[in-house]
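Next come the chains, spelled out residue by residue.
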Amino acid sequence: MAEKKVETDSGIEIKSLYTAADLPNSLNAEVPGKFPFTRGIQGNMYRGKLWTMRQYSGFSTASESNRRYHYLLSQGVTGLSVAFDLPTQIGYDSDHLLADGEVGKVGVAIDSIDDIEELFAGISLEKVSTSMTINATAFILLALYVALAKKQRADLKCISGTIQNDILKEYAARGTYIFPPKPSMKIITDIFEWCASELPKWNTISISGYHIREAGSNAVQEIAFTLSNGKEYARAAMDRKLDINVFGKRLSFFFNSHNNLFEEIAKFRAARRMWAKIMKQLGATEEKAMMMRFHTQTGGSTLTAQQPLNNIVRVTTQTLSAVLGGTQSLHTNGYDEALGLPTEEAAKIALRTQQIIAYESGIAAAADPLAGSYLIESLTDQIESMSWELMGKIDKMGGSVAAIESGFMQDEIARSAYDYQHQIETQEKIIVGLNSFEEKESNQEIIFKVDDSIRRLQIGKLQKLRSSRDNLQCKKLLISLSEKAREGENLMPCVIEAVEGCCTLGEISDTLRSVYGEYKQ
């Protein structure tokens, strides 16, 4: 009887046996902490410092989210990761007509400097690293964060964290864009330029494969599209005459971790090696500018509403692949997130998953512990080869912007998503509790949801802000912002002045909409 063919999610055939013949010739030359960083960016990896343990959280009002942050910090979280609601992500204040029904639902509502003060009340920005999952309005959220740091009398040279700030994947996979690609790229390079001198420890972009994977891509597409986007950002910065050895050190990445343990570990190793080569080809000469530093989040799309406790096992498997793959930062999903926002209990279990693996499993004792595995090394090479091939197609189109504008990336992701769903529906792929090993369930899970009263609270805060601020000064600040945008100047200083003067996120976004227009697909 013929042996059944087994493939990874990317279509890589897995043999039943791997031997030394499957190992690459260059294996012995690669060590952790040295170019091309296949085996990790630090020589001793987690023996020197564990990955940053984050919990992605944000919901309802700033004060409610602040309570969750204090709870997570008390439980051992070493970095905050902020989720924003959809109106904040696409540049609308909570009182805008299009914000109705969405305020505080998938993240925290942030309209003004008052909200950012509430969000981080009692938290020293000098002492915590903050990651913000925000893209189209990333420059405004960064300005708000800087304004708060100044109010706290913090040393901006010591402030650390990350804004996602990756607009290209929004056009390709996620959809929370505002402006057309050209002005969006200009704003991103404004941030690169400003942070290089004013906020040197800040990661100015987190180039995201996570949302590309959540949209339905496979592991190879996740790497190829993400690194292509990374090249586009690097080239845009170089066109602004920025030094690749300076901005290159502040680029970071954000990847997904799915259930195929070995493919995911190999994916992370291949991505690191590829990025080092890309940066070297672009002209980087300092090794730190060639290092791929990345945050990982476990796969939200892999979680099931059926038998939700099974998700704890899925998240654990995904955590193992991220750590064995050498991540610098990690968020683990709550088991109940297919049902609603994570409850406090689910968030705690997710954090404990990281802590048990860090302190009890022994995985952190050695750098790249699976190096030399016949299977892992073979998969790393195959993923790299397939990713280069796909990136070559994008390069021939003229790069990521051209590939997005032509619909190439979107079509590739849609095709992969269709194939994956077809495999589930035909039971070619088994999802425990979903299409096999099902149970008749009476759902008694506690579901955490945000009600619509949050919008009324935010509207009240906005009304109070607008009645107490200097509205004439706000108008002058917004006119100045419009002029600077038309003249092509760096917008960061002007946006910081605007938020300090109590201009709202929606007002700043609308001012720039009037200059740049809105992108329509």
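Residues numbered from 1 in each chain as written. Predicted model: local features only at pLDDT ≥ 70, side-chain atom pairs only at ≥ 80, totals over all residues. Heavy atoms only, no water.

Visitor: Residues and numbers for the pairing of strand β1 (residues 52-57), please.
Guide: With five of six residues buried, β1 is to be regarded as a mostly interior element. Bridge count between β1 and strand β9 (residues 329-331): three bridges; the pairing is parallel. Paired with Arg54 across the strands is His331, a residue of β9. The pairing of β1 with strand β2 (residues 79-83) spans four bridges and is classified as parallel. Directly across from Arg54, in β2, lies its bridge partner Gly79. (Buried < 20%, exposed > 50% of the residue type's maximum accessible area, 1.4 Å probe, protein only. Helix = DSSP H or I, 4+ residues; strand = E, 2+ residues; numbered from the N terminus. Pairing = 2+ DSSP bridges.)

Visitor: Report on a nonpolar patch on the surface, specifying residues and quantitative values.
Guide: Together, Ile430, Val432 and Phe437 make up an exposed nonpolar region whose accessible area comes to about 280 Å². In this fold, Phe437 is placed in the loop between α16 (408-425) and α17 (453-468). (Patch = residues over 30% accessible without salt bridge, like charges linked within 9 Å, V, L, I, M, F, W, Y side chains within 5 Å. Areas by Shrake-Rupley, 256 points an atom, 1.4 Å probe, with all protein chains shown as cover. Salt bridge = Lys/Arg side-chain N within 4 Å of Asp/Glu carboxyl O.)

Visitor: Got a sec to walk through the packing of aromatic side chains? Specific residues and values, please.
Guide: Counted under the stated rule, the structure contains 17 aromatic pairs. With a centroid separation of 5.5 Å and 75° between ring planes, the pair formed by Phe179 and Tyr516 is classed as edge-to-face. Placement of the pair is Phe179 in the loop between α5 (168-174) and α6 (181-198) and Tyr516 in helix α20 (residues 505-516), with a sequence separation of 337 residues. Tyr516 shares its class with Phe179; the two are buried. Consider the rings of Phe192 and Phe247, whose centres lie 6.1 Å apart with planes at 10°: the pair is stacked. On the criterion of sequence distance, the pair formed by Phe192 in helix α6 and Phe247 in helix α9 (residues 244-247) is long-range, its members being 55 residues apart. As far as the burial class goes, Phe192 and Phe247 line up, both buried. Site record: aromatic cluster; members linked through ring pairs are Phe253, Phe255, Phe268, Trp275 and Phe294. Above the ring of Tyr18, the side-chain terminus of Lys15 is found at 5.0 Å from the ring centroid. Note that Lys280 overlies the ring of Phe35, its terminal NZ or CZ placed 4.5 Å from the centroid. (Phe/Tyr/Trp six-rings, centres within 6.5 Å; stacked < 30°, edge-to-face > 60°. Lys NZ or Arg CZ within 6 Å of the ring centre and 35° of its normal.)

Visitor: Give a description of the packing of helix α4 (residues 138-151) against helix α19 (residues 492-500) that names residues and reports values.
Guide: It is the contact of α4 with α19, at a shortest axis distance of 9 Å, that shows an interaxial angle of 65°. Like other packed secondary-structure pairs, α4 and α19 cross with a definite hand, here right-handed. In this structure, α4 contributes Phe139, Ile140, Leu142, Ala143, Leu144, Val146, Ala147 and Lys150 to the contact, and α19 contributes Met492, Val495, Ile496, Val499 and Glu500. Its residues assigned to classes, the contact of α4 with α19 comprises eleven nonpolar, no polar and two charged. (Axes fitted to C-alpha atoms, helices over the stretch in contact; angles between N-to-C directions. Left-handed = near helix turned anticlockwise from the far one by under 90°. Contact = heavy atoms within 4.5 Å. Nonpolar A, V, L, I, M, F, W, Y, C, P; charged D, E, K, R; others polar.)

Visitor: Got a sec to walk through the nonpolar core? Specific residues and values, please.
Guide: Core analysis: the largest hydrophobic core is formed by 129 residues, its most contacted members being Phe120, Phe139 and Ile508. Sort the elements by how many residues they give to this core and α4 lands first, with twelve residues. Apart from residues lying up to four places away in sequence, Phe139 is in contact with Phe179, Ile187, Ile191, Met492, Val495, Ile508 and Leu512. (Core = buried A, V, L, I, M, F, W, Y, C linked by side-chain atoms within 4.5 Å.)

Visitor: Run through the side chain of Glu263, naming residues and quoting values.
Guide: With respect to the helices, strands and loops of the structure, Glu263 is situated in helix α10 (residues 261-282). This buried residue, Glu263, is left without a salt bridge; Arg213 holds the nearest opposite charge, at 4.6 Å. Polar contacts involving the side chain of Glu263 include one to the side chain of Thr8, which spans 2.7 Å. At 3.4 Å, the side chain of Glu263 forms a polar contact with the backbone nitrogen of Asp9. In this view, Glu263 contacts Thr8, Asp9, Ser10, Ile12, Ala219, Leu379 and Ile383; residues no more than four positions away in its chain are not counted. (Lys, Arg positive; Asp, Glu negative; His and termini not counted. Polar contact = N/O pair within 3.5 Å; in protein donor to acceptor, adjacent residues only side chain to side chain.)

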